[in-house]
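For reference, the chains in residue letters:
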Amino acid sequence: MKRISICNFGRIMLKIFCWSTVLLSIWLLLGFFGCYEKWFGGPAGITTETAYWLIRLGLVILIESVVFWIGIITVYLTSKQLGIRWRVLGIVCGWIPIAHLIMLHIIIKTVGAEIKAEKLRQKRDEMRTGQAICHTRYPILMVHGVFFRDFEHLNYWGRIPAELEKNGAVIYYGNHNSAAAVRDSAKELAARIHQIINETGCGKVNVIAHSKGGLDTRAAIALTDIAPYVASLTTINTPHRGCQFADYLLTKIPEKQQHMVERAYNAGAAKLGDVNPDFLSAVYDLTFENCRKFNEEVKDDPNIYYQSIGSKLNRPASGRFPLNFTYPLVKYFDGANDGLVGEESFPWGQNYQFLTVNGKRGISHGDMIDLNRENIPGFDVREFYVQLVADLKNRGF
């Protein structure tokens, strides 16, 4: 929490700057109109009074500049919630009268909310130290969605794995290709689960899979030999019934352009570690029609606990790009959605949770994996996963 303490120091300096600027401005105005000399007596003469006032002005500017720059540099270096947008706007608006005051208020408010949230988290973690509420019987296998890979220093799941491990979870990753047909991804995941079982002797795994990863895991369970090694499957914002807007796009975009995008993506994915990436197969497997056929063929295993989670944005502008861009299109075809997947496509298994927050924000497809590392008012994504895994532990998994 050293970072938070330093960040809080910067926030306090900015608040001191705001209040002291108001008070010292009043003090300077009174001096400018000669109030102190009239009230308390002092050096006579316009020249002398002006000289004293200019000295005061210079001292105020110097002191306020030091306080401001210490504060702003400190929060810029230590805050994780300001993001690039507010940092850039802070620099741009810093030269615009009135706008710079509004931006300063936003910066102080944003940093204050971050500090409050992290202190609450620290207190909560201290209260359950040693309880290991996420230490499940079987380890957690986290399976990413389409167009991403598992990277050591750019975690697909944001701050979630570290929070789970802090509370006792043992975590592994799928390490499969970013783009492939569902059945091909299923084979990769089956091999990965066998590897984990053989290396650790853990017996089974609890799978938490996001987006297409949920379809990949369902296929792995039904179409390969790994069902006996899976205790539970939790799907996060998975399009179990496909995306009708994907069907529309694939019928409207000419085949030539589709293959141009495919070649570009596959070339880039191969450089990042994919073996034989298959962009179009991954996309086509997410269509409404192909998911309908998939669900007819792929059946759940009665010995595995299945549950699902879904979420939605409350309005287009509430999410971050590009999901705020795709939201209206998805809504036209699929209704309420998370920016990519319609609400009706999420439910699967014995237990289903649907998440949103009051107000304008909502919870996007990316928010559910902490993609932007953003603290969302009313939804603590890290604590949500802690309680999710704690529930698996309580169920004996």
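Preceding this paragraph is the structure being described.
Below you will find a few notes about this structure. As the structure is a prediction and not an experimental result, all values here were calculated from the model.

What counts as what
- Residues numbered from 1 in each chain as written.
- Predicted model: local features only at pLDDT ≥ 70, side-chain atom pairs only at ≥ 80, totals over all residues.
- Heavy atoms only, no water.
- Helix = DSSP H or I, 4+ residues; strand = E, 2+ residues; numbered from the N terminus.
- Rg over C-alpha atoms; globule rule 2.2 N^0.38 Å.
- Contact = heavy atoms within 4.5 Å.
- Lys, Arg positive; Asp, Glu negative; His and termini not counted.
- Charge placed at Lys NZ, Arg CZ, Asp CG, Glu CD.
- Phe/Tyr/Trp six-rings, centres within 6.5 Å; stacked < 30°, edge-to-face > 60°.
- Buried < 20%, exposed > 50% of the residue type's maximum accessible area, 1.4 Å probe, protein only.
- Lys NZ or Arg CZ within 6 Å of the ring centre and 35° of its normal.
- Pairing = 2+ DSSP bridges.
- Axes fitted to C-alpha atoms, helices over the stretch in contact; angles between N-to-C directions.
- Right-handed = clockwise from strand over helix to strand, strands pointing away.
- Salt bridge = Lys/Arg side-chain N within 4 Å of Asp/Glu carboxyl O.
- Core = buried A, V, L, I, M, F, W, Y, C linked by side-chain atoms within 4.5 Å.

A few points about the overall build of the chain
A tally of regular secondary structure across the chain gives 14 helices and six strands. Over its C-alpha trace the chain gives a radius of gyration of 28 Å, far above what one expects of a compact globule, namely 21 Å for 397 residues. Taking the principal axes of the C-alpha coordinates as reference, the chain spans close to 95 × 55 × 40 Å. Restricting to contacts in the chain with at least 6 residues of sequence separation, those with at least 24 account for 78%. Here the chain holds 44 positive side-chain charges and 37 negative ones, and the gap between their average locations is 7 Å.

Examining the packing of aromatic side chains
A complete count under the given rule lists 12 aromatic pairs for this structure. For the ring pair Phe 147 and Tyr 265, a centre distance of 5.2 Å and an interplane angle of 65° mean the geometry is edge-to-face. Of the two residues, Phe 147 sits in the loop between β1 (140-143) and α6 (160-166) while Tyr 265 sits in helix α10 (residues 255-271), which places them 118 residues apart along the sequence. On the basis of relative accessible area, Tyr 265 is assigned to the partly exposed category, the value being 21%. Centroid distance Phe 147 to Phe 279: 5.2 Å. Interplanar angle 20°. Geometry classified as stacked. Of this pair, Phe 147 sits in the loop between β1 and α6 while Phe 279 sits in helix α11 (residues 279-284); the two residues are 132 residues apart in sequence, bridging distant segments of the chain. What links up through ring pairs into an aromatic cluster is the set Phe 148, Tyr 156, Trp 157, Phe 379, Phe 384 and Tyr 385. The lysine or arginine in question, Arg 85, covers the ring of Trp 86, its NZ or CZ lying 4.4 Å from the ring centre. The aromatic ring of Trp 348 is capped on one face by Arg 218, whose charged end is 3.7 Å from the ring centroid.

Comments concerning the environment of Trp 86
Locating Trp 86 in the fold gives a position in helix α4 (residues 83-93). Residues Trp 86 and Asp 301 lie 215 residues apart in sequence; the distance between their C-alpha atoms is 48 Å. Setting aside residues up to four positions removed in sequence, Trp 86 forms contacts with Tyr 76, Gln 81, Met 103 and Ile 106.

Some remarks on the sheet that holds strand β5 (residues 305-311)
Strand order in the open sheet formed by six strands is β2-β1-β3-β4-β5-β6, with parallel pairing between adjacent strands. The open sheet has two edge strands, β2 (171-173) and β6 (351-355), and neither has a second partner. If you compare each strand with its neighbour and ignore which way they point, the axes differ by 20° on average. The sheet contact formed by β1 and strand β3 (residues 205-210) spans four bridges and is parallel. Its bridge partner lying in β3, Ile 140 is registered against Asn 206. Packing against the sheet, helix α7 (residues 182-200) makes contact with β1, β2, β3 and β4 (230-236), and its axis sits at approximately 145° to β2.

Observations regarding the pairing of β4
Of all seven residues in β4, seven are buried, a share of seventy percent or more. Bridging between β3 and β4 involves six bridges; their strand directions are parallel. Bridge assignment links Asn 206 to a residue of β4, and that residue is Ser 232. With helix α8 (residues 212-223) bridging β3 and its parallel neighbour β4, the resulting β-α-β unit is right-handed. Here five bridges tie β4 to β5, and the two strands are oriented parallel to one another. Counterpart to Thr 234 in the pairing with β5 is Gln 307.

Some details on the pattern of salt bridges
Within this structure, the stated rule accounts for 20 salt bridges. Of the charged contacts in the structure, one is a salt bridge between Asp 274 and Arg 149, with a shortest N-O distance of 2.6 Å. Here Arg 149 lies in the loop between β1 and α6 and Asp 274 lies in the loop between α10 and α11, a separation of 125 residues in the sequence. Judged by its relative accessible area of 5%, Asp 274 falls in the buried class. Across the pair Arg 183 and Glu 297 runs a salt bridge whose closest N-O atoms are separated by 2.5 Å. With Arg 183 in helix α7 and Glu 297 in helix α12 (residues 288-297), this pair connects stretches of sequence that are 114 residues apart. Connected through shared salt-bridge partners, Glu 118, Arg 121, Arg 124, Asp 125, Arg 128, Glu 163, Lys 166, Asp 380, Arg 382 and Glu 383 make up one network.

Regarding the nonpolar core
One finds Trp 157, Leu 164, Phe 379 and Tyr 385 to be the most contacted residues of the largest nonpolar core, which totals 33 residues. At the level of elements, β1, α6, β2, β4, β5 and α14 (381-394) are the ones that each hand at least two residues to this core. Broken down by element, this core gets its largest block of residues, eight residues, from α14. Residues contacting Leu 164, with those up to four places away along its chain left out, are Cys 134, Met 142, Ala 169, Ile 171, Tyr 385, Val 386 and Val 389. Counting 31 residues, the second-largest nonpolar core is a separate cluster that includes Ile 196, Val 207, Ile 226 and Val 298.

Read these as layout, nothing more, since geometry by itself doesn't imply function.
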